[in-house]
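Secondary and tertiary structure notes
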Amino acid sequence: MTSLEPVTRPLATRLRLPGAQGGALMAMGSMSSVQLGLALSVPLFAQLGALGTAGLRLAWAGLLVLVLVRPRRRDFAGRDLLVCALLGVATAGMVLLFMLSAARIPLGTASALEFLGPLGVSLFGPGGGRKHWAALAAVGVVLLTEPWSGGIDPAGLGFALGAAACWAAYILLTQRVGDRVTGLKGLAVSLPVAGVVGTLVAGPSELGRATWPLLLIMLGLAALSTVLPFSLEFLALRRLTTSAFGTLMSLEPAIALVMGLLVLGQVPGPVPAAGVVFVVIAGAGATRTGSRGAAAPEREVSEPVRCDSVAGPAPLVASPQGGQDRVPALLVHQGA
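Attention here is on the structure that accompanies the text. It should be emphasised that the depicted structure is a prediction, and the values quoted were computed from it without experimental measurement.

About the cut-offs
- Residues numbered from 1 in each chain as written.
- Predicted model: local features only at pLDDT ≥ 70, side-chain atom pairs only at ≥ 80, totals over all residues.
- Heavy atoms only, no water.
- Phe/Tyr/Trp six-rings, centres within 6.5 Å; stacked < 30°, edge-to-face > 60°.
- Helix = DSSP H or I, 4+ residues; strand = E, 2+ residues; numbered from the N terminus.
- Buried < 20%, exposed > 50% of the residue type's maximum accessible area, 1.4 Å probe, protein only.
- Axes fitted to C-alpha atoms, helices over the stretch in contact; angles between N-to-C directions.
- Parallel < 35°, antiparallel > 145°, perpendicular 65-115°, else oblique.
- Contact = heavy atoms within 4.5 Å.
- Left-handed = near helix turned anticlockwise from the far one by under 90°.
- Patch = residues over 30% accessible without salt bridge, like charges linked within 9 Å, V, L, I, M, F, W, Y side chains within 5 Å.
- Areas by Shrake-Rupley, 256 points an atom, 1.4 Å probe, with all protein chains shown as cover.
- Salt bridge = Lys/Arg side-chain N within 4 Å of Asp/Glu carboxyl O.
- Core = buried A, V, L, I, M, F, W, Y, C linked by side-chain atoms within 4.5 Å.

1. Quick look at the packing of aromatic side chains
Two measures describe an aromatic ring pair: the distance that separates the ring centres and the angle between the ring planes. Under the definition given, this model contains 1 aromatic pair. Their ring planes at 65° and their centres at 6.4 Å tell us that Phe 115 and Trp 167 sit as a pair that is edge-to-face. Of the two residues, Phe 115 sits in the loop between α5 (107-114) and α6 (116-124) while Trp 167 sits in helix α8 (residues 154-180), which places them 52 residues apart along the sequence. In this pair, the class of Phe 115 matches that of Trp 167, namely buried.

Printed below as a string of structure tokens:
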């Protein structure tokens, strides 16, 4: 039994929902929890700055997963530790850049642009017949950015695309770690590394503004975007096929748009809103038609993991049955 199972077992007892319907509700709850945590983090930018907010969330999330999983040195080969550390750097880049983007452009727009990372991995991975989804995603990006009107902050756009690139690297590295390291142990190394990187990047100038009340708030937000989403996804993956789960996760940019509207009062125009819809449709289509060739794992992967906590859906990896599994991101995304 892992240290997180005591969290999931009470949920399983209380949430007596039928099969796929219950799994879908849990997946939606997981995405909503992540995006709510992101939306609630944005007002803290005035006190901590985008980098300080992201750095603290990464640090708390890394500490939480380290305490819960408690990895041991003998669980890893030397090369495994290196790959886990690289995954941590990619995770930190994804979170920090997304937060910088969310400080400049609406949350829904930032989330949809960042989603181009996993979408690109799915579109341009092995297999064919997916050019129409790439074209649809391109149309969505044009509508989101409205280049004809100069309606988007160039720095915010650049940070979002940088976060997308880090997310793509995160997916590829997660696949590598998932093939070599059992269960959550890889996450228990990568996420603390991300916390260290985030703290170093934020630096004393940003983190020096933190007060004890702010530290406790950030601890709560880290739990909201880590333990709760992981628990819900852990339960959802027992009730849904991997294809259905991945398709549901493609809705996350739309959920980000709704959270931006409800929590932050960010009212999207009709054109950017249509762009989010196009990106969501492209993501759902690519998820259902693309797949990663099944790797021969050196050690059995026994559990899914969410390592994303600052904002968005986690990467898709091959399941033993040849489908796609979403590897949950335990803090980030899209912001953890």
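Having seen the model, we can carry on.
2. A few points about the packing of α5 against α6
Axis separation between α5 and α6 bottoms out at 5 Å; the angle between their running directions is 25°. Taken together, the axis directions place α5 and α6 in an arrangement best described as roughly parallel. Across the interface between the two elements, Ala 112, Leu 113 and Glu 114 from α5 touch Leu 116, Gly 117 and Pro 118 from α6.

3. What about the packing of α5 against α8?
At a closest axis distance of 8 Å, the pairing of α5 and α8 adopts a crossing angle of 40°. Taken together, the axes of α5 and α8 are oblique relative to one another. In the crossing of α5 with α8, the sense of the turn from one axis to the other is right-handed. Of α8, the residues touching α5 (which contributes Ala 110, Leu 113 and Glu 114) are Leu 157, Ala 160, Ala 163, Ala 164 and Trp 167.

4. Section: a nonpolar patch on the surface
Together, Leu 40, Val 258, Leu 261, Leu 262, Val 263 and Val 267 give the surface a local cluster of nonpolar side chains, amounting to about 530 Å² of exposed area. Positionally, Val 258 belongs in helix α13 (residues 252-264).

5. Considering the nonpolar core
Within the largest apolar cluster, 67 residues are counted, with the highest numbers of intra-cluster contacts made by Phe 98, Leu 107, Leu 113 and Tyr 170. Top element by residues in this core is helix α4 (residues 78-102). It accounts for 12 residues. With 8 residues, the next largest nonpolar core counts Leu 48, Leu 56, Leu 215 and Leu 224 among its residues.

6. Describing the pattern of salt bridges
Tallied over the full model, the rule gives 1 salt bridge. A salt bridge links Glu 206 to Arg 209; its shortest N-O distance comes to 2.5 Å. Given a relative accessible area of 18%, Glu 206 falls into the buried group.

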